[in-house]
Amino acid sequence: MSTNNSNRQQKRRKPQKTYENKHLSGPLYDPNSSRPGKIQKTTNDVVNENKIIERPRKYTITVAIPASVVDSAPTLEMKTILAGQIARNLVIFNVDEIVIYDDKKKVTDNKVNPNLFLAHVFQYMETPQYLRKALVPFSPDLKFAGLLSPLEAPHHPNLHQALKYREGVTLDKEGSGTLIDIGMFRRARLEKLIQPGVRVTVELPEPLAAADTRRGQKPITVKAVSPKTPREKAGHYWGYHIRLASSFSRVITESPYEGGYDFTVGISDQNARDMFVDGITDGVKSSFNHILFAFGGPSGGLQEAVEADEDLKCAGEDSAELFDLFIDPRVRAGTRTIRLEESITMVMSVFQAAIQKKGRD
C-alpha cells in the first residue's frame, strides 16, 4: 500500500521551472549554436527619445469648472481622487488659470465646502513638493493628499533636471538680501529684502540641476521674475493659478486679464452644437490673447448655473448667447452621460491644435 502511494506522489511531481531563458525569445538558448536567440529589450533598456516641444507664448488658457462636480463623489477619499484627476487633465493641456464657480443657489453638503475643497487640492498639487511644507497650510481637505498623483510639470523639476527658472520660498535675511529655498542643496540669494514665507519665481544665471549642488556652497545669486516669464520667454508651462467665483457671471466679469477673455467657449450637453462636426475649431479667433472654456455641472449643465445666477439677465435656455462658441461633446458618445473629467479631455483634445495655431505668441 505504501509503495502505491509513493508511486502516485512521484507521478504528481512536476519538473522544476528554469529561468535560464528569461531574457531570450524563441527556442532555448544554446551557447554552442551558431545562431543565438534574440535578446529582448526590457522596459528599463528602452530610452524615450521624445522630448516635450516648448514654444514661448503669451496667450493664456482658462478653464472654469463648477464646484458641484465633487458632489457626485460620496466620500472625502473619492472627492480627493476626482479632484486629482481633474487637475492632471488640466495640466496635460497647459491650462494657466482654473476658475471654480458656484453653480447652485445653495450649498447642499455642509461637511465639505466644495469650492474651498477643490481650491485646497489644486493648490497642493500645483505647489512643488519641496515647497509644500512651507507654503501649503494644514487643512482637513488634504487628509487623503497622499492618493494624489504628481503633476510632473516643468516647475516640479527632478533631481537631475537643469532649469534656468525655479520656484522658491523666501527664508531669512542675509545682509541687504534674502536667502531663498529653491529645492536645491545650495541656497539662492536675492538682492532684495522680502519677508519670510513668500513664494517667488527666480531666474538663475544658467541652467542648473539640484544634483550638481552641494550643501555649504555659496548661495547662488538670482533675480526675481514674474511667474509668466518662463512661459513667455522659454516656453515652459509654469503651472496654473486658482480663482474662486461666487457665481458664473463673475467668471467672466472678474477676469484678471486686461480686456478680459477675447474668446469664450461654453460646453454643455443641452441645446449646443455637435463638437465633432467638421470645422468646429475654425471659429476660434485668430491671434487671441486669453481663451476661456466654461464647463457645466453634472446635472443641469451651464444652463443651471446661468439660471442660478442672480446677476445675469439671461434665462438658462439662452446660455449660448453668452459665448462665442457653444458646443456639446456628448452628441456622438456611446453613453448617456459624460463626466466632467472626461469632457475636459475630449474638448481640449479637439481644440488643442487650434489653440496652438491661433494663440498670440
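Counting restarts for each chain: residues are numbered from 1 in the order of the written sequence. Local features in this predicted model are restricted to residues of pLDDT 70 or higher, and side-chain atom pairs are both shown and tallied only at a pLDDT of 80 or more, whereas totals for entire chains, interfaces and linings draw on every residue. Excluded from the side-chain calculation are hydrogens and water; included are all heavy atoms of the structure.

A. Layout of a negative patch on the surface. The patches described consist of residues with a relative accessible area above 30% and no salt bridge, like charges being joined within 9 Å and nonpolar side chains (Val, Leu, Ile, Met, Phe, Trp, Tyr) within 5 Å. Per-residue accessibility takes into account occlusion by the displayed protein chains alone, with areas from the Shrake-Rupley method and a 1.4 Å probe. Salt bridge criterion: a side-chain nitrogen from Lys or Arg within 4 Å of a carboxyl oxygen from Asp or Glu. For the charge count, each Lys or Arg is scored as positive and each Asp or Glu as negative, with His and the chain ends excluded. The atoms used to mark charge sites are NZ of Lys, CZ of Arg, CG of Asp and CD of Glu. Negative charge collects at one region of the surface, where Glu307, Glu317, Asp318 and Glu321 lie side by side. Counting through the fold element by element, Glu321 comes out in the loop between α7 (301-308) and β12 (325-328). Put simply, DSSP H or I for four residues or longer makes a helix, DSSP E for two residues or longer makes a strand, and each gets a number counted from the N terminus.

B. Local environment of the packing of helix α2 (residues 76-92) against helix α8 (residues 340-358). Axes here refer to lines fitted to C-alpha atoms; in helices the fit is confined to the stretch in contact. Angles between the N-to-C directions go from 0 to 180 degrees. Between α2 and α8, the least distance of the axes is 9 Å, while the angle of their chain directions is 5°. In this view, α2 runs roughly parallel relative to α8, as classed from their interaxial angle. Contacts between α2 and α8 involve Leu82, Gln85, Ile86, Asn89 and Leu90 on the former and, on the latter, Leu340, Glu341, Ile344 and Thr345. Should an angle fall under 35 degrees it is called roughly parallel, over 145 degrees roughly antiparallel, and 65 to 115 degrees roughly perpendicular, with every other angle called oblique. Residue contacts follow a heavy-atom distance rule, with two residues in contact if any of their heavy atoms lie within 4.5 Å.

C. Expanded view of the sheet that holds strand β7 (residues 220-225). The strand order around the closed barrel formed by five strands is β3-β4-β5-β7-β6, and the pairing between neighbours is mixed. Each strand axis lies, on average, 50° off the axis of its neighbour in the sheet, ignoring direction. For two strands to pair, DSSP has to find at least two bridges joining them. Of the strand pairs in this sheet, strand β6 (residues 199-208) and β7 are connected by three bridges, and their pairing is antiparallel. Paired with Thr201 across the bridge in β7 is Val225.

D. Structural view of α2. Here α2 is 17 residues long and its end C-alpha atoms lie 24 Å apart, about the 24 Å a rise of 1.5 Å per residue gives. Looking at α2, one finds that the buried residues are Lys79, Thr80, Leu82, Ala83, Gly84, Ile86, Ala87, Asn89, Leu90 and Val91. Close packing links the buried residues of α2 with β1 (60-66), β2 (97-101), α3 (114-126) and α8. Count one or two residues on from α2 and you reach Asn94, which has phi positive near 60°. Helix span, expected: 1.5 Å multiplied by one less than the number of residues in the helix. With a 1.4 Å probe rolled over the protein chains alone, any residue whose accessible area is under 20% of its type maximum counts as buried; one over 50% counts as exposed, and the rest are partly exposed.

E. Quick look at the pattern of salt bridges. For the structure shown, the criterion picks out 15 salt bridges. In this structure, Arg57 and Asp96 form a salt bridge, with 3.0 Å as the shortest nitrogen-oxygen distance. Here Asp96 lies in the loop between α2 and β2 and Arg57 lies in the loop between α1 (2-12) and β1, a separation of 39 residues in the sequence. A relative accessible area of 7% places Asp96 in the buried class. Through salt bridges with shared partners, one network takes in Arg57, Asp96 and Arg231.

F. The arrangement of the sheet that holds β2 in detail. Taken in spatial order, the seven strands make up an open sheet running β8-β2-β1-β11-β9-β12-β10, and their pairing is parallel. Only two strands of the sheet have a single partner each, and these edge strands are β8 (241-245) and β10 (273-274). Where β2 meets β8, five bridges bridge the pair, whose relative direction is parallel. Bridging across to β8, Tyr101 finds its partner in Ala245. The strands touched by α8 within the sheet are β1, β9 (263-267), β11 (290-295) and β12, with β11 carrying the most contacts at an inclination of about 155°.

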